[in-house]
Amino acid sequence: MSRLESLRNIAIIAHVDHGKTTLVDGMLTQSGALRARDENVRVMDTMDLERERGITILAKNTAVRYGDVKVNIVDTPGHADFGGEVERALTMVDGVLLLVDASEGPLPQTRFVLRKTLEADLPVVVVVNKVDRPDARIDEVIDEVGHLFLDLATKDHQLEFPIVFASARSGWASLTQGVEGADLTPLFEAILEHIPAPVHDPDHPFQALVTNLDASPYVGRLALCRVQHGRVRRGQTVAWCRADGSISPVKLSQLYVTENHLRVEADEAGPGEIIAVAGIEGVTIGETLADVNDPVALPPVTVDEPSIAMTIGINTAPLSGRSGKKLTARLVKGRLDQETVGNVSIRVLPGDRPDRWEVQGRGEMQLGVLVETMRREGFELTVGKPQVLTREIDGTLHEPVERVSVDAPEDHVGTVTQLLSERRGRMQQLIHQGSGWVRMEWVVPARGLIGVRTEFLTDTRGTGVLHHVFEGWEPWAGEIRTRPSGSIVSDRVGVATGYAIEALQERTTLFVGPGTEVYGGMIVGENTRPEDMDVNVCREKKVTNMRMSTAEEFVKLTPPRQLSLDQALEFIADDECVEVTPAAVRIRKVELDPTRRARHRKALKSSRA
């Protein structure tokens, strides 16, 4: 085997908001790829949703030059819901940078991505980022990282790892704690020293595994892959080893490599290089490109099984077709099938009707991002409540459980404990971090966390931080009541009036304001009591010829509570769904007819009795 010392392939893994994208910006700047330092560049966050939410959703790669060495960098998502992106990215690299916040320390997603890295036996360089924070606790964080390696390491050599101290925002790194560096040179040197160069067999024919997909408006679908052995040229005919076992020759019309943050055309690429090729229209993730004379497939990419499902169908509400352009079942099904091509952790199964489907994924956020993306593309959808997937293990029903990390002020420990205990959670650890804050570790059934975030923020007055990641499968924990409140449901079609809202706002929280179009079965507010209440939100004040002393009184209306798509998916109950259009997000009952709803509730009560 030969080593290519002029090349390094690394992935940056971390928890959400620990500074991955900012660090990549700094590396690009100091390598000359970006002309000037800009705090808001975020080159790797190319999607609108990534910039709005401040998270990485899709794994993307860039490349920097340090001396004579080209460093290919893959920026991976930090949220466990997008773990399929992380698993694919790790098949393209020879080592990782593990970023850990100097104040927050390792969190659940840090554990998730590090576990995947150690399972692949990749070397790790730990980067303690944000060491210039006033609340940094560097020594404690290093100890926590050491304990994390002890928990997850499968081999003795994995317990030894280099540590780099950095401030990605300020653009410096240092190998000595407490000493501020001048630039990121120590980080580059650590990468060259501890991340091995790619190895390949000089006598082995061409072979590459497709790990991601992209699209170009000029050349069509692009297959992103790492060349394992051999060389490939533009216009070359290669063997396409499909997932079903068939093999066919295809011609590569274009070949691209990454230079800085841009994808550029190349005539040829060698082993270890991360490339993008065009000309294979039906290629999917996990398939292999090989030499036509020796077409041997590589092992496919494996990802964790989905744990959450939701029903997605066409918009069947009375206000459908007002703002969207893509309304039919054929268009919705085509878009969902398209998503499964580029996202191996998403699955689409037939539903109980031909115009709706069960979409399975890793978590609420992943499925919510899919729905939000389709909404912005002009689709109108009906989305059901997220449900956990169960499985039979040794004849016993099991459900997914999540490891939850909570940072909150000490004053709210009792409130948080009550909230998660009611959802069948078990506290694993409680650590006093000083300065009046505590960190709690919980194991909670995944269905108990659906809709918990809004209630958690309310209980902690917006000060608490909650993160969770898939932990494993445990026996069914029993019934969980996740929402104590009922719904305020409109009983007719019309326009909401200020007169009706004024009478309702004292005892309810409303989601609509005056002038909002409503229909029968649409949820217009939240009831303080657990039962639903049908109301006439369109009631108008009667006009008479009698003068009243209160005629000129000023009416004070409380602004309605505007729900985002994520909040709406958290709020809905089992018999409710979300109407999603490019212009609005509305909550409604699955069954709009009040008589049928009442009949269904009665049958449900009798079955429970």
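Right above here is the structure, for reference.
Along every chain, residues carry numbers that run from 1 in the direction the sequence is written. Local features in this predicted model are restricted to residues whose pLDDT is 70 or higher, and side-chain atom pairs enter the listing and the counts only when it is 80 or higher, whereas totals over whole chains, interfaces and linings include all residues. Note that water and hydrogens are dropped before the side-chain values are worked out from all heavy atoms of the structure.

Draft legend 1. Local environment of the packing of aromatic side chains. We call Phe, Tyr and Trp rings a pair once their centres come within 6.5 Å, taking the six-membered ring for Trp, and we label the pair stacked below 30 degrees between planes, edge-to-face above 60, and tilted otherwise. Enumeration according to the criterion identifies three aromatic pairs in this entry. When the centroid spacing of 4.2 Å and the interplanar angle of 20° are considered together, the rings of Phe149 and Phe161 count as stacked. Residue Phe149 is found in helix H5 (residues 138–152), and its partner Phe161 is found in the loop between H5 and strand S7 (163–167); the two are separated by 12 residues along the sequence. Arranged with centres 5.3 Å apart and planes meeting at 85°, the rings of Phe511 and Phe571 form a pair that is edge-to-face. Taken as a pair, Phe511 in the loop between strand S32 (508–510) and strand S33 (517–518) and Phe571 in helix H12 (residues 565–571) lie far apart in primary sequence, 60 residues in all. In this pair, the class of Phe511 matches that of Phe571, namely buried. Strands are runs of DSSP state E lasting at least 2 residues, helices are runs of H or I lasting at least 4, and numbering of each runs from the N terminus. Burial here depends on accessible area, computed with a 1.4 Å probe over protein chains only, as a share of the maximum for the residue type. Under 20% is buried, over 50% is exposed, and the range in between is partly exposed.

Draft legend 2. A look at the pairing of strand S18 (residues 274–278). Counting buried positions along S18 gives five out of five residues, so the element sits mostly inside the fold. Across the two faces of S18 the burial is the same, with Ile274, Ala276 and Ala278 and Ile275 and Val277 all buried. Looking at chain direction, strand S15 (residues 254–259) and S18 are connected through four bridges and run antiparallel. If you follow Leu255 over to S18, its bridge partner there is Val277. Whether two strands pair depends on DSSP finding at least two bridges between them.

Draft legend 3. A look at the sheet that holds strand S13 (residues 237–241). Taken in spatial order, the eight strands of this open sheet run S14-S13-S19-S10-S11-S18-S15-S16, and their pairing is antiparallel. Every interior strand has two partners, whereas the edge strands, strand S14 (247–251) and strand S16 (262–265), have only one. With strand direction ignored, the average angle separating the axes of adjacent strands in the sheet is 40°. Summarising the sheet, strand S10 (residues 207–216) and strand S19 (residues 288–290) pair through three bridges and their orientation is antiparallel. By the bridge assignment for S19, Leu209 is matched with Thr288. Here an angle of 0 to 180 degrees is reported between the N-to-C directions of two axes, which are lines fitted to C-alpha atoms, with helices fitted over the stretch in contact.

Draft legend 4. Just the pattern of salt bridges, in detail. One side-chain nitrogen of Lys or Arg within 4 Å of one carboxyl oxygen of Asp or Glu is enough to make a salt bridge. Per the counting criterion, the structure on display carries 35 salt bridges. Two residues, Asp121 and Lys155, come together in a salt bridge whose shortest N-O distance is 3.1 Å. With Asp121 in the loop between helix H4 (108–119) and strand S6 (124–129) and Lys155 in the loop between H5 and S7, the pair connects residues that are 34 residues apart, well separated along the chain. On the accessibility criterion, Lys155 (40% relative accessible area) is partly exposed. A salt bridge links Glu377 to Arg335; the shortest N-O distance between them is 2.7 Å. Here the residue Glu377 occupies a position in the loop between helix H8 (364–376) and strand S23 (381–384), and Arg335 occupies one in helix H7 (residues 329–342), the gap between them amounting to 42 residues. Judged by its relative accessible area of 9%, Arg335 is buried.

Draft legend 5. Unusual backbone geometry, seen in detail. Although it is not a glycine, Lys130 adopts a positive phi angle of roughly 60°. Of note in this structure, Asp394 is not a glycine but carries a positive phi near 55°. If you trace the backbone, Asp394 turns up in the loop between strand S25 (391–393) and strand S26 (396–409). A relative accessible area of 79% places Asp394 in the exposed class.

Draft legend 6. Focus on the pairing of strand S5 (residues 95–101). Of all seven residues in S5, seven are buried, a share of seventy percent or more. Along S5, one buried face is formed by Gly95, Leu97, Leu99 and Asp101 and the opposite face, lined by Val96, Leu98 and Val100, is buried too. Note that strand S2 (residues 7–14) and S5 share five bridges and pair parallel. When the bridges of S5 are listed, Ala14 appears paired with Leu99. Running through H4, the crossover from S5 to the neighbouring parallel element S6 is right-handed. When the strands point away from the viewer, a crossover counts as right-handed if the route from the first strand across the helix to the second turns clockwise.

Draft legend 7. Structural context of helix H6 (residues 185–194). Among the residues making up H6, those that are buried are Leu187, Phe188, Ala190 and Ile191. Projected down its long axis, H6 shows its buried positions confined to an angular sector of 160°, all on one face. Arc definition: directions from the helix axis to the C-beta atoms.

Draft legend 8. Layout of the side chain of Arg375. Tracing the backbone through its elements, the reader meets Arg375 in helix H8. Contacts: residue pairs with any heavy atoms within 4.5 Å of one another. Sequence-distant contacts of Arg375, defined by excluding residues within four places in its chain, comprise Val580, Thr581, Pro582, Ala583, Ala584 and Val585.

Draft legend 9. Spotlight on the side chain of His398. With respect to the secondary-structure elements, His398 resides in strand S26. According to the relative accessible area criterion, His398 is buried, its value standing at 10%. Polar contacts involving the side chain of His398 include one to the main-chain carbonyl oxygen of Thr396, which spans 2.9 Å. If near-sequence neighbours (up to four positions away) are discounted, His398 is found in contact with Thr390, Arg391, Ile393, Trp473, Glu474, Pro475 and Trp476. The definition of a polar contact used here is a pair of N or O atoms within 3.5 Å, where within protein one atom must be able to donate a hydrogen and the other to accept one, and adjacent residues in sequence count solely through side-chain atom pairs.

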